[in-house]
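Understanding the architecture of this molecule
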Amino acid sequence: MALARYLGRKLAWTVVVFFVALTLNFLLPRLIPGNPVDAIVGQIASGGGAGGEQLQKIHEHYMQEFGLDKPMWQQYLIYIGHVFQGDFGTSFGQYPASVNKLIGEALPWSIAIQLPAIIVGWVLGNILGAVAAFKGGWLDRGAFVSSLFFSSVPPFAFAIILLFVVAVKWGALPVGGAYSFGLSPELSVSFFGDAITYFWLPFWSLVLVFIGGQAVGMRSMAVYELGTDYVNYNRGLGVRDAITVRYIFRNAMLPQFTGLGLAIAGLITGGLIIELVFSYPGLGTLLFNAIGQNDYPVIQAITLLITLAVLLANFTVDVLTGFIDPRIRAAQSGDR
């Protein structure tokens, strides 16, 4: 019962934050200076072949087509209705392309980079921090300094460094893109073998920074655990180091697990910028182009997906923490 109350509060908070984010997601793109219809009509006018009266009719047509001729409150209600139907509308900048189609093409590329980076970075970072704290000496000093360096460098800055050194200077990996010119995405061994060479630089730009942040956090918690009685008792009994490290890792990982939601949020936003550095055809590149075109539907769809990903990550972490941390259950039941 106590755990149910805890989960209910977390769910209610998540729903409230979602609706606040949904409203901001509608308003913020419309604060960008300029009108997307003006930009479209301007491109038509620059191409010639249309007079002033024709351009006025084209302008009115697009305003009605995109629903921008309606009051703001009515646009908001229409937007909410479409969101809950899973319909993100039509792109302004790439008319008449569907936003769902554009998102469907870009999303797999972003997931392909960020999901492995989250898993690999969290596992390796926590293992490195626990082992370094337990072993001490040169391993601890080296791991701590290097992890602190990687965690302090913004992902996009590290991406630029890797791009210049590995791709430009050494020529070991492609400079940018997701696959070779002339190819088209398909499920085949040959395409996968080509695309994987473009995958490594964006992936390592994310995962090394994430490993550094997780290792620093785990080391701090593991150093605290090293002073506890059970560690000294194990050492006195001559228990193997591997077993003691496992105990340290299990007890020190709870704060790391709790902070995983925030770490994922930072990694997602950093990953979007990294896609721009490497011209990777993911959500980051699509969002950047949409902002330049005042493409409200695409901007709203991508920011909403990012918001949902962060909220779901934090809610999932909260739920799992409620099950694995006995202190939360004790606090909810009133035990001390």
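Below or above, wherever it landed, is the structure these notes cover.

Our focus in this paragraph is the side chain of Glu275. If you trace the backbone, Glu275 turns up in helix 11 (residues 260–277). For Glu275, which is buried and forms no salt bridge, the nearest opposite charge comes from Lys101, at a distance of 17 Å. Engagement of the side chain of Glu275 in a polar contact is seen with the side chain of Ser110, the distance being 2.6 Å. Here Gly284 takes part through its backbone nitrogen, which lies 2.6 Å from a polar atom of the side chain of Glu275. The contact partners of Glu275, leaving out residues within four places of it in the chain, are Ser110, Gln114, Tyr280, Gly282, Leu283, Gly284 and Thr285.

For the rest of this paragraph, the subject is helix 5 (residues 99–135). It helps to recall that an α-helix has 3.6 residues per turn; residues three or four apart then point in one direction. Relative to the 54 Å expected for 37 residues at 1.5 Å per residue, helix 5 spans 52 Å between its end C-alpha atoms, a close match to the ideal helical length. Along its length, helix 5 reaches its greatest deviation from straightness, about 30 degrees, at Ala106, and the proline Pro108 lies no more than four positions downstream. N-cap assignment for helix 5: the residue whose side-chain oxygen lies 3.2 Å from the backbone N of Asn100 is Ser98. One or two steps after helix 5, the chain reaches Gly136, where phi turns positive at roughly 70 degrees.

In this section: the layout of surface pockets. In this approach, a probe sized like a water molecule rolls over the atoms, and the result shows the empty space that is left. The computed volume of the largest pocket comes to approximately 590 Å³. Lining the largest pocket are 23 residues, and of these Leu115, Ile118, Ile264, Ile268 and Ala309 sit closest to its centre. Within the residue set of the lining of the largest pocket, elements represented by two or more residues are helix 5, helix 11 and helix 13 (296–324). Of the residues forming the lining of the largest pocket, the biggest block, nine residues, is contributed by helix 13. For the lining of the largest pocket, the residue count by class is 20 nonpolar, three polar and no charged.

What follows deals with the pattern of salt bridges. Taken as a whole and judged by the stated rule, the model has two salt bridges. Among the salt bridges present, the one from Arg219 reaches Asp140, with a minimum N-O distance of 2.7 Å. Highlighted residues: Arg219 in helix 8 (residues 189–226) and Asp140 in helix 6 (residues 137–152), separated in sequence by 79 residues.

Reading guide: rules and limits
Residues numbered from 1 in each chain as written. Predicted model: local features only at pLDDT ≥ 70, side-chain atom pairs only at ≥ 80, totals over all residues. Heavy atoms only, no water. Helix = DSSP H or I, 4+ residues; strand = E, 2+ residues; numbered from the N terminus. Buried < 20%, exposed > 50% of the residue type's maximum accessible area, 1.4 Å probe, protein only. Lys, Arg positive; Asp, Glu negative; His and termini not counted. Salt bridge = Lys/Arg side-chain N within 4 Å of Asp/Glu carboxyl O. Polar contact = N/O pair within 3.5 Å; in protein donor to acceptor, adjacent residues only side chain to side chain. Contact = heavy atoms within 4.5 Å. Expected span 1.5 Å × (residues − 1). Bend = angle between axes of the 7 residues up to and from the residue. 1 Å grid on protein atoms, 1.4 Å probe; cavity = no way out; pocket = protein on both sides within 12 Å on 5 of 7 lines; lining within 4 Å. Points joined across faces, edges and corners; volume = space filled by probe spheres on them. Nonpolar A, V, L, I, M, F, W, Y, C, P; charged D, E, K, R; others polar.

Purely spatial values, then, with no claim about function.
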